Amino acid sequence: MSNRSGIIAIALLAIHFLFTQLFTDHFSKAPLREVIDLKSTYSETFDIYVPMEQTYKVNILFDREEKEFEYLKSVLGNMTNNNENGIPLKVEWLLSENGAVVESSDIEATNSCGWSQAQVYRCLGEFEVPSGDYQFKIVIASPHSEFSNFKTHLSINYNFKNAHTWQTAYIFWGMLFNLFVAPFIGGIIFLILIVRYIRHLTSH
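> Please clarify how the nonpolar core should be interpreted in this entry.
Nonpolar side chains in soluble globular proteins tend to end up buried together. With 37 residues, the main nonpolar core has I48, W93, F127, F136, I138, I140 and L154 as its most contacted residues. Residues contacting I48, with those up to four places away along its chain left out, are P31, L32, L95, G132, D133, Y134, F136 and I156.

> What is the right way to read the layout of surface pockets from this model?
Gaps left between atoms show up when a probe the size of a water molecule is rolled over them. Estimated volume of the largest pocket: approximately 240 Å³. Those elements that provide at least two residues to the lining of the largest pocket are β3 (56–63), β7 (119–127) and β9 (152–157). Of all the elements, β3 adds the most residues to the lining of the largest pocket, at three residues. Residue composition of the lining of the largest pocket, by class: six nonpolar, four polar and two charged.

> It is not clear to me how the packing of aromatic side chains should be interpreted in this structure. Could you clarify?
Each aromatic ring pair is specified by the distance between its two centres and by the angle formed by the two planes. This model, assessed by the stated rule, comprises 15 aromatic pairs. Considering the side-chain rings of F23 and W166, the 5.8 Å spacing of their centres and the 50° angle between planes classify their relative orientation as tilted. Residue F23 is located in helix α1 (residues 3–28), and its partner W166 is located in helix α3 (residues 166–202); the two are separated by 143 residues in the primary sequence. Three or more aromatic residues joined by ring pairs make a cluster, and in this case those are F19, F23, F27, W166 and Y170. One residue, K67, lies across the ring of F150, its end atom 4.8 Å from the ring centre.

> When you look at the packing of α1 against α3 in this model, what are you seeing that I'm missing?
For any two helices packed against each other, the geometry comes down to the angle between their axes and how far apart the axes lie. Put simply, α1 and α3 touch, their axes get as near as 9 Å, and they point 155° apart. The angle between α1 and α3 falls in the class roughly antiparallel. In the packing of α1 onto α3, the handedness of the crossing is left-handed. When the residues that make up the contact of α1 with α3 are grouped by side-chain class, the tally is 18 nonpolar, ten polar and one charged.

> Just checking my understanding: could you explain the sheet that holds strand β8 (residues 132–140) for this structure?
Backbone hydrogen bonds are what pair the strands of a sheet, in a parallel or an antiparallel way. One open sheet holds the four strands; their spatial order is β2-β8-β4-β5, and the pairing between them is antiparallel. Edge positions in the sheet fall to β2 (42–50) and β5 (100–109), since each has one partner strand and no second. Pairwise comparison of adjacent strand axes, ignoring direction, gives a mean angle of 15° for this sheet. Where strand β4 (residues 89–97) lies against β5, nine bridges are found, and the strand directions are antiparallel. Bridge assignment links S96 to a residue of β5, and that residue is V101.

> When you look at the environment of I8 in this model, what are you seeing that I'm missing?
With respect to the helices and strands, I8 occurs in helix α1. Residue classification places I8 among the partly exposed positions, given a relative accessible area of 42%. C-alpha separation for the pair I8 and P51, spaced 43 residues apart in sequence, amounts to 32 Å.

> Is there a simple way to explain the side chain of D63 in this structure?
On the secondary structure map, D63 appears in strand β3. Comment: no salt bridge for buried D63; closest opposite-charge side chain is K151, at 4.8 Å. Of note is the side chain of D63, whose polar atom sits 2.9 Å from the side chain of Q119. In this structure D63 touches A118, Q119, F150, K151 and H153, once residues within four positions along its chain are discounted.

> Sorry if this is basic, but what is going on with the pairing of β4 here?
Side chains on a regular strand alternate between the two faces of the sheet. Taken together, β4 and the strand that follows it, β5, pair antiparallel across an intervening segment of two residues, in which N98 is found at a positive phi of about 55°. Summarising the sheet, β4 and β8 pair through six bridges and their orientation is antiparallel. Within β8, the position partnered with E92 by the bridge is V139.

Quick notes on the rules
Residues numbered from 1 in each chain as written. Predicted model: local features only at pLDDT ≥ 70, side-chain atom pairs only at ≥ 80, totals over all residues. Heavy atoms only, no water. Core = buried A, V, L, I, M, F, W, Y, C linked by side-chain atoms within 4.5 Å. Buried < 20%, exposed > 50% of the residue type's maximum accessible area, 1.4 Å probe, protein only. Contact = heavy atoms within 4.5 Å. 1 Å grid on protein atoms, 1.4 Å probe; cavity = no way out; pocket = protein on both sides within 12 Å on 5 of 7 lines; lining within 4 Å. Points joined across faces, edges and corners; volume = space filled by probe spheres on them. Helix = DSSP H or I, 4+ residues; strand = E, 2+ residues; numbered from the N terminus. Nonpolar A, V, L, I, M, F, W, Y, C, P; charged D, E, K, R; others polar. Phe/Tyr/Trp six-rings, centres within 6.5 Å; stacked < 30°, edge-to-face > 60°. Lys NZ or Arg CZ within 6 Å of the ring centre and 35° of its normal. Axes fitted to C-alpha atoms, helices over the stretch in contact; angles between N-to-C directions. Parallel < 35°, antiparallel > 145°, perpendicular 65-115°, else oblique. Left-handed = near helix turned anticlockwise from the far one by under 90°. Pairing = 2+ DSSP bridges. Lys, Arg positive; Asp, Glu negative; His and termini not counted. Salt bridge = Lys/Arg side-chain N within 4 Å of Asp/Glu carboxyl O. Polar contact = N/O pair within 3.5 Å; in protein donor to acceptor, adjacent residues only side chain to side chain.

Quick look at the structure:
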């Protein structure tokens, strides 16, 4: 390997790293994450962009904010016990493209479907549509007053563990390459260039 080839190889590794970052930022971006207010009936329409044909989940996220566990279960539900479904939440949402409805759901959402250290999730359904621009309308009719005690987000996103597109496959393998393979290859090439440079200096 010539010095020029080594420098080109290192530059290509750096370019790939930057490209992977930009690629990941684009295809990992959630189509929607907005703070919503459940003090009264909520109705809103959002313009969203779906970056890839993936199964996206519609969720409401309730911030836990150090509330007691028993209180959270009583309001939001205990996903491990079907006898503790929490307070029902009447929700209707529509996903449209150029005025035509492509997906919709009209449900009385109960129970939680996920817990994290910061939030409790309530699932409102899912959809899978081609990449593009859409309008998402949601109506939450007369929510119970207990929901107003939470800081709440409306989220549309996908679960990376269950992803099934070439984009998410590239994000995964590209990340592994950048973390483990690229530094090893780049380090060896850089070491070879340094050794050659030292030999060049000592030979004169």
